[in-house]
Every structure is written in structure tokens, then in C-alpha cells.
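Residue strings, one per chain:
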Amino acid sequence: FKTKSCNITNLIAACHKKNIVVSWSLNPEKIIRENEFYTASLEKRLTSALECARAGYRVGFHFDPIIHYDGWDKDYNKLVNRLFDSIPPKYIAWISLGTLRFKSELKGIIENRFPDSTILNGELLIGFDDKLRYPSKLRYLIYKKMRSWIHRRAKNVPVYLCMEDKNIMSICS
């Protein structure tokens, strides 16, 4: 299960065979507050993940979409540290990384519905999958930094890239 919710009451009460992974999308609180309307706060997501882990579930985390902005590296490094300060690595099944990407026809819709949003301010190019994405050099830099921050805290937690091309995937092999 993948969520941004903290509504885990039924999961905690369920009789499971420890073969289910419950996972949360994570972003810095700034991104959650400005762009992820009606979702649980970062703290509530992490608290819910810890409760699920203590109830016998393996948990996963998705830094997806990673949004590039001035100060992104400080905020995401802090976020990685906050994750591992909250959740012991032994409970974590995996972590996925993915940068902002979307079909080009959605750009106008996003701009019309959210005129004050700044998430589209960076350079976006048509990628290998016909989606708007950050340039490959920037994605590579983002993934390299994210992976290093994660492995500094938890060397054995599997990290994979979500919906990336083969050239970029090489950093996680």
C-alpha cells in the first residue's frame, strides 16, 4: 500500500501474515504544506509508519516526486535524517526516488488550478518517456545526493529509482 495518509487504524487492527508493505510518500514539510493539500503532515506520516512497523508491517518510503528549488538539498537532507531518526532501518523494506515528471498536457492544467505554485519554475524538458522532466544532469545530481544521504544513515536499505531511463539508473546499480 502506498499513501500520504495517517489513517492506519484498520491496518493496525488487521490480522496479517507480515507479507504486506505499507509505504508513504515523503517530501519536506514546505512541499507538503504548499502542494500536497489535504494530506497528512510529515510528522503524522512518520508516526503512522512507526506504528505500522511496530505492528509487524514492513514499511517503505517514496521520495517522489522530488522537487528541485533553491534550498532543496538542505531540506531533503534534513528530511532523510528525520526519516532515520524516526524509523529504524531494520523496518524499512525499500526507499524509492523519483523526480518531478508529468505529461506535457498537464502543465497548463497545473498552472491554471494552482497559479501560485512554484513547482514548475525549474527547467523542464521532454524526456525519454514523453514526460516533462528536469534535465538528466540535474536528475543525476539529485539522485546521487539523495542516495548518499540515505546510505550514510542506512547502508543496507534498498534504494531504487522510479520511472527513470537506463543511463540515470546506473547510479543505483
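Peer 1: Hey, could you run me through helix α4 (residues 72-86) in this one?
Peer 2: In an α-helix, one full turn covers 3.6 residues, which means residues spaced three or four apart are oriented alike. With 15 residues, α4 extends 21 Å between its outermost C-alpha atoms, agreeing within 8% with the 21 Å of an ideal straight helix rising 1.5 Å per residue. What α4 keeps buried is the set W72, Y76, L79, V80, L83, F84 and S86. All buried residues of α4 project into a common sector of 165° when viewed along the axis, lining one side. Seen from the open side of α4, the exposed residues pointing more than 90 degrees away from its buried face are K74, K78 and D85.

Peer 1: What should I look at first to understand the sheet that holds strand β3 (residues 58-66) in this one?
Peer 2: Working definition: the strands of a sheet are paired by backbone hydrogen bonds and lie parallel or antiparallel to each other. Across the sheet, which stays open at both edges, the 5 strands sit in the order β1-β2-β3-β4-β8 with parallel pairing between neighbours. The strands lining the two open edges of the sheet, one partner per strand, are β1 (2-3) and β8 (159-161). Examined bridge by bridge, β1 and strand β2 (residues 21-25) share 2 bridges and lie parallel to one another. Bridge pairing in β2 links T3 to W24. The strands that helix α3 (residues 42-54) touches are β2 and β3; relative to β2, the one it contacts most, it runs at about 170°. Together, β3, β4 (92-99) and β8 form the strand contacts of helix α6 (residues 136-153), whose direction differs from that of β4 by roughly 160°.

Peer 1: Help me out: how do you make sense of a nonpolar patch on the surface in this one?
Peer 2: Judged by side-chain polarity, F37, Y38 and F114 come together as a nonpolar surface patch covering roughly 420 Å² of accessible area. With respect to the secondary-structure elements, Y38 resides in the loop between α2 (29-35) and α3.

Peer 1: It is not clear to me how the pairing of β4 should be interpreted in this structure. Could you clarify?
Peer 2: Sheet faces and side chains relate simply in a regular strand, where the side chains alternate between the two faces. Taking burial as the measure, the 8 residues of β4 include 7 buried ones, the bulk of the element. In this sheet, β4 lies alongside β3 in parallel orientation, the contact comprising 6 bridges. Pairing of G60 across the sheet is with W94, part of β4. Taking the sense of rotation as the criterion, the β-α-β connection linking β3, α4 and β4 turns out right-handed. Taken together, the 3 bridges between β4 and β8 define a ladder with parallel strand orientation. Note that in β8 the partner of S96 across the bridge is Y160.

Peer 1: Any chance you could explain the environment of K155 here in plain terms?
Peer 2: Tracing the sequence through the fold places K155 in the loop between α6 and β8. We classify K155 as exposed; its relative accessible area is 66%. Between the C-alpha atom of K155 and that of P89, which follows or precedes it by 66 residues, the distance is 9.0 Å.

Peer 1: Whenever I open this one, the pattern of salt bridges confuses me. Can you help?
Peer 2: Pairing of side chains with opposite charge becomes possible as their charged atoms draw close. Going through the model one piece at a time under the given rule, you end up with 12 salt bridges. Here K30 makes a salt bridge to E34, at a shortest N to O gap of 3.3 Å. With K30 and E34 both in helix α2 and 4 residues apart, the pair spans about one turn of that helix. Across the pair D85 and R153 runs a salt bridge, and its minimum N-O distance is 2.8 Å. Of this pair, D85 sits in helix α4 while R153 sits in helix α6, and the two are 68 residues apart along the sequence. Judged by its relative accessible area of 33%, R153 is partly exposed.

Rules and cut-offs
Residues numbered from 1 in each chain as written. Predicted model: local features only at pLDDT ≥ 70, side-chain atom pairs only at ≥ 80, totals over all residues. Heavy atoms only, no water. Helix = DSSP H or I, 4+ residues; strand = E, 2+ residues; numbered from the N terminus. Expected span 1.5 Å × (residues − 1). Buried < 20%, exposed > 50% of the residue type's maximum accessible area, 1.4 Å probe, protein only. Arc of directions from axis to C-beta. Pairing = 2+ DSSP bridges. Contact = heavy atoms within 4.5 Å. Axes fitted to C-alpha atoms, helices over the stretch in contact; angles between N-to-C directions. Patch = residues over 30% accessible without salt bridge, like charges linked within 9 Å, V, L, I, M, F, W, Y side chains within 5 Å. Areas by Shrake-Rupley, 256 points an atom, 1.4 Å probe, with all protein chains shown as cover. Salt bridge = Lys/Arg side-chain N within 4 Å of Asp/Glu carboxyl O. Right-handed = clockwise from strand over helix to strand, strands pointing away.

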